[in-house]
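Architecture at a glance
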Amino acid sequence: MKFNWGTGIVIAFALFMTFILSYVYKVQSNNKYDNELVVEDYYKKETTVQVDIEKQENAKALKNKVTIENTKEGIKIKFPSDFDYSKINGKVSFYRPSSQKLDFEIPISLSNPHLLIPKSNLVGGLWDISVDWNYEGKDYLNKETIYF
């Protein structure tokens, strides 16, 4: 058999395809390469976008706004001082863009005008924090990204 340009190109193409297919198989089958979604119920979440926009507008209209601070003790969320903190309820969602396994939610139950999430509950890195809260029948939503 004679080795010519055509045979070389076919062999090179076959080797390249084998490399790409083996790489794809390795990435899909190995748990080290986690293929996770941003949100589990993406289409269900999509239906709440307008409601979230209205909640954010309500939060922006407040004279005293919710503040989210990175302190030595952890993440401190301060609610408006002109609201009765015992009537505030809702949840705080922590979303970690790099790992879905680290995401968690905390219900809002206040004994003073601020909520402290201790450092021990958080892993260092980038966090998207959403404070979805309610006061006297009106809904509010505050979002912030913090590097902890």
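Only a predicted model underlies this, so the values are computations on that prediction, with no experimental measurement involved. Chains are numbered independently. Their residues run from 1 in the order of the written sequence. Confidence filtering applies because this is a predicted model: local features only for residues at pLDDT of at least 70, side-chain atom pairs given and counted only at 80 or more, and all residues used for totals across whole chains, interfaces and linings. With hydrogens and water stripped out, all remaining heavy atoms of the structure feed into the side-chain values.

Description of the overall build of the protein chain
Worth spelling out the cut-off: Segments assigned H or I by DSSP are reported as helices when at least four residues long, segments assigned E as strands when at least two residues long, and all are numbered from the N terminus. Here the globule rule is a power law, 2.2 Å times the number of residues to the power 0.38, and the radius of gyration is based on C-alpha atoms. Should any heavy atoms of two residues lie within 4.5 Å, those residues are considered in contact. Every accessible area reported is derived by Shrake-Rupley at a probe size of 1.4 Å, with residue values counting cover from the shown protein chains alone.
Each helix and strand counted, the protein chain has three helices and seven strands in total. When the helices and strands of the protein chain are placed in sequence order, the string is α-α-α-β-β-β-β-β-β-β. The C-alpha radius of gyration of the protein chain comes to 24 Å, more than 25% above the 15 Å expected for a compact globule of 148 residues. Across its three principal directions, the C-alpha atoms of the protein chain cover 90 × 35 × 20 Å. Long-range pairs, those at least 24 residues apart, make up 57% of the contacts in the protein chain with a sequence separation of at least 6. Carbon and sulfur atoms provide 57% of the accessible area of the protein chain, an area that totals close to 10,600 Å².

What to know about a nonpolar patch on the surface
The condition that has to hold: What makes a patch is a set of residues exposed beyond 30% relative accessible area and free of salt bridges, joined within 9 Å when like-charged and within 5 Å when nonpolar (Val, Leu, Ile, Met, Phe, Trp, Tyr). Whenever a carboxyl oxygen of Asp or Glu lies within 4 Å of a side-chain nitrogen of Lys or Arg, that contact is scored as a salt bridge.
Taken together, the side chains of F13, F16, M17, F19, I20, L21, Y23 and V24 define a hydrophobic patch exposed on the protein surface, amounting to about 840 Å² of accessible area. Following the sequence through the fold, L21 ends up in helix α1 (residues 5–29).

Observations regarding the sheet that holds strand β5 (residues 114–118)
Note the cut-off: Any two strands between which DSSP finds at least two bridges are classified as paired. Comment: axis = line fitted to C-alpha atoms, over the contacting stretch for helices; angle = value between 0 and 180 degrees taken between N-to-C directions.
Here we have three strands laid out as an open sheet, ordered β1-β2-β5, and antiparallel in their pairing. This sheet does not close on itself; its edge strands, each paired only once, are β1 (67–70) and β5. The sheet shows a mean angle of 15 degrees between the axes of neighbouring strands, taken without regard to direction. Taken together, the five bridges between strand β2 (residues 74–78) and β5 define a ladder with antiparallel strand orientation. What sits directly across from I77, in β5, is L115.

Re the sheet that holds strand β7 (residues 138–147)
Spatially, four strands are ordered β4-β3-β6-β7 in an open sheet, and the strand pairing comes out antiparallel. Strand pairing shows two members of the sheet lacking a second neighbour, β4 (104–108) and β7, which therefore form its edges. Sheet twist, expressed as the mean angle between neighbouring strand axes with direction ignored, is 15 degrees. By the bridge criterion, eight bridges tie strand β3 (residues 88–95) to strand β6 (residues 126–135) in an arrangement that is antiparallel. Residue pairing in the sheet places G90 in a bridge with W133 of β6.

What to know about the environment of I75
Worth spelling out the cut-off: Relative accessible area decides the class of each residue, using a 1.4 Å probe on protein chains only: under 20% of the type maximum gives buried, over 50% gives exposed, and in between gives partly exposed.
Tracing the chain through its elements places I75 in strand β2. On the basis of relative accessible area, I75 is assigned to the buried category, the value being 1%. Leaving out residues up to four positions away in the same chain, I75 has contacts with I68, E69, N70, F94, L115, L116, I117, L122, I129, I146 and F148.

Quick notes on the pattern of salt bridges
Applying the stated rule across the entire model yields four salt bridges. The residue E69 makes a salt bridge to K78 at a minimum N-O spacing of 3.7 Å. For K78, a relative accessible area of 35% translates into the label partly exposed. As a salt-bridge pair, K87 and E136 come within 3.5 Å of each other at their nearest N and O atoms. Highlighted residues: K87 in the loop between β2 and β3 and E136 in the loop between β6 and β7, separated in sequence by 49 residues.

Quick word on the pairing of β6
By the criterion of burial, β6 is predominantly enclosed, with seven of the ten residues buried. In this structure, β6 lies alongside β7, joined through ten bridges in antiparallel fashion. Looking at the pairing, Y135 lines up with K138 of β7. The hairpin formed by β6 and β7 contains two residues between the paired strands, and E136 there has a positive phi angle of roughly 50 degrees.

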